[in-house]
Amino acid sequence: MKIIVTKNYEEMSAEAFRLVKEVVKENPEAVLGLATGSTPLGLYAEMIRDHRENGTSYRRVRTVNLDEYEGLPASDERSYAYFMRHNLFDGLDIELKNTHIEDGTAAAPEAECARYNALLSVLRQDIQVLGIGSNGHIAFNEPGTPFDSVTRVVTLAESTVRDNSRLFDRIEDVPRRAFSMGLRNIMNARRVLLLANGEKKAKAVYGMVRGEVTEQLPASILQRHADCILVCDEAAARLIS
Ligand code: F6R
């Protein structure tokens, strides 16, 4: 695993942007694996700024997102489909038909997971952007997730429900279940770019980088990826440096 430690969140986002732009410049039809949450917001703002100022085009880029809450339609402000349009896609020239995410309202969840897994086998991520949960999860692969997991409906850990409740009016409103890419889908990406910032992530980052590879800390599987880059700020890197 290659590790890049930056001074702060802004520099982490700028470094992440540099790596993503490199992929799009090299292949205008690249497949970007994308994440939601607070961590990649700076990266997405940089992509939009660069598109406006320098005309970098995403017209032929394809995207696959990690996860979606069960029960929330794309029109719901708290859904990840809405998050992606609001924080990234609406600011680019990307074609919405080329952006993919699990359908949180699918009437047949198993069929929806099968559809998404089939899609991922065609749209292999050239780069997969990840954040990390304070409990070491990647996507919604919570501690205990088998390393050979693929897209399925999962139950969120209590700590994840608490962490994500900031985006809901009340903790009771946070969906307890979600569709999530599995660890095998993530490991299939050609390159993985994991971003982490802030003191709250320091312990998980330590476990991911220096701990044993264990299903109890799902992100630790990334030690086995041939091309994984961790970009984190000094606060998140505190225990590894
Ligand atoms: C988001 C996702 C999650 C987040 C993680 C960190 O699509 O799959 O694994 O990346 O929970 O969230 P933030 O960035 O909000 O700290």
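Here, every reference points to the structure presented above.
Just so we're clear, the structure is a prediction, and the values are computed from it rather than from any experiment.

S.K.: Just to check I follow, could you spell out the site of the ligand for this structure?
M.R.: The environment of the ligand is made up of 14 residues, and the closest members are Thr39, Asp67, His137, Arg166 and Lys201. Thr39 is positioned such that a nitrogen or oxygen atom in its side chain is 2.4 Å from an oxygen atom of the ligand. Between the ligand and Ala139 there is a distance of 2.8 Å, counted from an oxygen atom to a backbone nitrogen or oxygen. In isolation the ligand offers 410 Å² of accessible surface; the protein chains occlude 92% of this area. Taken together, the residues of the shell around the ligand sort by class into four nonpolar, seven polar and three charged.

S.K.: Can you walk me through the pairing of strand β10 (residues 228-233) in this structure?
M.R.: Within a regular beta strand, the side chains point alternately toward one face of the sheet and then the other, so they alternate between its two faces. Burial analysis of β10 places six of its six residues in the buried class, which makes it a mostly covered element. Of the two faces of β10, the one holding Cys228, Leu230 and Cys232 and the one holding Ile229, Val231 and Asp233 are both buried throughout. For strand β1 (residues 2-6) and β10, the ladder comprises five bridges, and the chain directions are parallel. Each bridged residue has a counterpart across the sheet, and for Ile4 the counterpart in β10 is Val231. Pairing analysis gives five bridges linking strand β9 (residues 192-196) to β10, with the strands arranged parallel. Looking across to β10, one finds that Val192 is bridged to Cys228. After leaving β9, the chain enters helix α7 (residues 202-210) and then returns to the sheet as β10, a path that is right-handed.

S.K.: Sorry if this is basic, but what is going on with the packing of helix α2 (residues 41-54) against helix α3 (residues 80-87) here?
M.R.: Angle between the axes and distance between the axes: these two values describe a pair of packed helices. The interhelical angle for the contact between α2 and α3, taken along N-to-C directions, is 40 degrees, at an axis separation of 10 Å. Relative to α3, α2 is oriented oblique. Where α2 approaches α3, its residues Leu41, Tyr44 and Ile48 are matched on the opposing element by Phe83, Met84 and Asn87. Classifying every residue of the contact of α2 with α3 by side-chain character gives five nonpolar, one polar and no charged.

S.K.: Help me understand a nonpolar patch on the surface in this model?
M.R.: Together, Met1, Ile3 and Val5 make up a nonpolar patch on the protein surface, roughly 220 Å² of accessible area in all. Residue position: Ile3 is located in strand β1.

S.K.: I tried to follow the sheet that holds strand β6 (residues 127-130) on my own but got confused; where do I start?
M.R.: As a general point, the strands of a sheet are linked pairwise by backbone hydrogen bonds and lie either parallel or antiparallel. Strand order in this open sheet of seven strands is β1-β10-β9-β6-β2-β3-β5, and the pairing throughout is parallel. A strand with exactly one partner marks an edge of an open sheet, and here the two such strands are β1 and β5 (99-100). The sheet contact formed by β6 and β9 spans three bridges and is parallel. By the bridge assignment for β9, Leu130 is matched with Leu194.

S.K.: Where do I start with the packing of helix α1 (residues 9-26) against α2 in this structure?
M.R.: Running from N to C, α1 and α2 point in directions that differ by 60 degrees, and their axes come no closer than 8 Å. Relative to α2, the element α1 lies oblique. Crossing handedness for the pair α1 and α2: right-handed. Here Tyr9, Ser13, Ala16, Phe17, Val20 and Lys21 of α1 come into contact with α2, specifically with Leu41, Gly42, Leu43, Glu46, Met47, Arg49, Asp50 and Asn54. Tallied by class, residues from the contact of α1 with α2 come to seven nonpolar, three polar and four charged.

S.K.: How should I be thinking about the sheet that holds strand β7 (residues 152-155) in this particular structure?
M.R.: If you walk across this open sheet you meet the three strands as β4-β8-β7, and the pairing is antiparallel. In the strand order of this sheet, the two ends are held by β4 (67-69) and β7, each with one partner. Each strand of the sheet is rotated relative to its neighbour by a mean of 30 degrees, with strand direction disregarded. Bridging between β7 and strand β8 (residues 177-180) involves four bridges; their strand directions are antiparallel. Each residue of the ladder has a partner; that of Val154, found in β8, is Ala178.

Here is what the cut-offs are and how they apply
- Residues numbered from 1 in each chain as written.
- Predicted model: local features only at pLDDT ≥ 70, side-chain atom pairs only at ≥ 80, totals over all residues.
- Heavy atoms only, no water.
- Near = heavy atom within 4 Å.
- Polar contact = N/O pair within 3.5 Å; in protein donor to acceptor, adjacent residues only side chain to side chain.
- Areas by Shrake-Rupley, 256 points an atom, 1.4 Å probe, with all protein chains shown as cover.
- Nonpolar A, V, L, I, M, F, W, Y, C, P; charged D, E, K, R; others polar.
- Buried < 20%, exposed > 50% of the residue type's maximum accessible area, 1.4 Å probe, protein only.
- Helix = DSSP H or I, 4+ residues; strand = E, 2+ residues; numbered from the N terminus.
- Pairing = 2+ DSSP bridges.
- Right-handed = clockwise from strand over helix to strand, strands pointing away.
- Axes fitted to C-alpha atoms, helices over the stretch in contact; angles between N-to-C directions.
- Parallel < 35°, antiparallel > 145°, perpendicular 65-115°, else oblique.
- Contact = heavy atoms within 4.5 Å.
- Patch = residues over 30% accessible without salt bridge, like charges linked within 9 Å, V, L, I, M, F, W, Y side chains within 5 Å.
- Salt bridge = Lys/Arg side-chain N within 4 Å of Asp/Glu carboxyl O.
- Left-handed = near helix turned anticlockwise from the far one by under 90°.

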